[in-house]
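# Commentary on secondary and tertiary structure
Residue strings, one per chain:
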Amino acid sequence: MSSAMLTHSGCGLASRSCTRSLAPSAAQPACRQLASFEGMRSVGAVPKCAQSPLRQQRRAAVRASRSTPAIEAKQFKVALLGAAGGIGQPLALLLKMNRLVGELALYDVANVVGVAADISHCNTPVKVTGYGKDDLSTALKGADLVVIPAGVPRKPGMTRDDLFNINAGIVKTLIEATSKDAPNAILNIISNPVNSTVPIAAEVLKAAGVYDKKKLMGVTTLDVVRANTFVAEAKGLDLRDVDVPVVGGHAGTTILPLLSQATPEVSFSDEDAAAMTDKIQNAGTIVVEAKAGAGSATLSMAYAAARMAESVLLGLDGNDDIWECAYVESSVTKLPFFASKVRLGPSGVEEVRGLGELNSVEQKGVDDLIPILEGNINKGVEFAKTPKNEKL
């Protein structure tokens, strides 16, 4: 990590500018630190916050800051493992545009040097280096954040569980390397099935004696991004002002949007709520089928992962009021891992928020998903404890 004066290039995704000094008055609800990443205005916002005068004040400050020639910012090293894949390439490009990233280490087993050369031509200050299959250790050294999208994509007819036998081994191998070469890094796990790969990562880190529950996160941000988009479209809202908490896990019916807790407040009939929930839960399958064997939801996943990475980096940069939904070690339910709102800060996950007040349909959704998610978790734990794995 280093500190530098960075000139605005027009590409910075994490321009907080002078928003830090704009503290809410006693009469105004407290909102999270705003980032300029599109679609993040209301992430973690307190209900009613989106329409507050403070929000307008902060937006004006962000606009005014664009005329400032330079800002002082910390810079972090991000290691992207699986950087030459369908998610990895667009995600690498988005990370190259983030002013909080000083060094971007791209790792994959093939074609990654070309990806690094291509992205390095973008005129942003981020240093980009490609590392092949024999250079994983070097890629990881000194990383503050390790993002893992490595693995095979879904194909028509496949479920996330079908990916388990291949992707579980890949994640196990990469986490073993991370435990040795970047034991203090925050981990963002994207590789599916996230419901199982995060428990695998936890067990590997525990075996290495470097597990920190605050630093291990399964990226479920795409579920939130989809929920925000679909609800905004259905209700005619500015999608940048919509925030729908999505809890549970990251597959099928374990994905549970809490529509009753959306910001701003929206109302659905029981029939419409069921249809919206189903749409959010099966959005990934729709993309897989639409691509007809040519891939899965790679671009939207890259976008969501870039947003999550930015939130983590904002936390590392000293902000302690950044809220996202993530799949983490949790005591919110009886399960050891569960996705809910978490507060990010300098140590990673600083706080795990409970589920709040659920309506009867949402409570049934939680009750129904728990045994499914429990099975996913147990499958990951059991895999991590067996010596068999498929290396990347």
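Conventions we followed
- Residues numbered from 1 in each chain as written.
- Predicted model: local features only at pLDDT ≥ 70, side-chain atom pairs only at ≥ 80, totals over all residues.
- Heavy atoms only, no water.
- Helix = DSSP H or I, 4+ residues; strand = E, 2+ residues; numbered from the N terminus.
- Buried < 20%, exposed > 50% of the residue type's maximum accessible area, 1.4 Å probe, protein only.
- Contact = heavy atoms within 4.5 Å.
- Areas by Shrake-Rupley, 256 points an atom, 1.4 Å probe, with all protein chains shown as cover.
- Salt bridge = Lys/Arg side-chain N within 4 Å of Asp/Glu carboxyl O.

### Section: the overall build of the protein chain
When helices and strands are tallied, the protein chain shows 11 helices and 12 strands. Here the protein chain holds 392 residues, and 55% of them are scored as buried. Across the protein chain, contacts joining residues at least 24 apart in sequence account for 73% of those joining residues at least 6 apart. Here the protein chain displays about 16000 Å² of accessible surface, and carbon together with sulfur accounts for 52% of that area.

### A few points about the pattern of salt bridges
Evaluated as defined, the whole model comprises 8 salt bridges. The salt bridge partner of Lys141 is Asp181, with a shortest N-O separation of 3.3 Å. Of this pair, Lys141 sits in the loop between helix H4 (136–140) and strand E5 (145–148) while Asp181 is found in helix H5 (residues 164–181), placing the two residues 40 residues apart along the sequence. A residue is classified by how much of its surface remains accessible, and Lys141, at 47% relative accessible area, is partly exposed. Ionic pairing is found between Lys341 and Asp243, a salt bridge with its closest N-O pair at 2.6 Å. Here Asp243 lies in the loop between helix H7 (221–235) and strand E8 (246–248) and Lys341 lies in strand E11 (residues 337–345), a separation of 98 residues in the sequence. Judged by its relative accessible area of 10%, Lys341 is buried.

### Let's talk about the environment of Gln261
Relative to the helices and strands, Gln261 is located in the loop between strand E9 (255–257) and helix H8 (270–281). For the pair Gln261 and Gly356, spaced 95 residues apart in sequence, the C-alpha to C-alpha distance is 8.4 Å. Sequence-distant contacts of Gln261, that is, excluding residues within four places in its chain, are made with Asp243, Pro245, Leu355, Gly356, Glu357 and Leu358.

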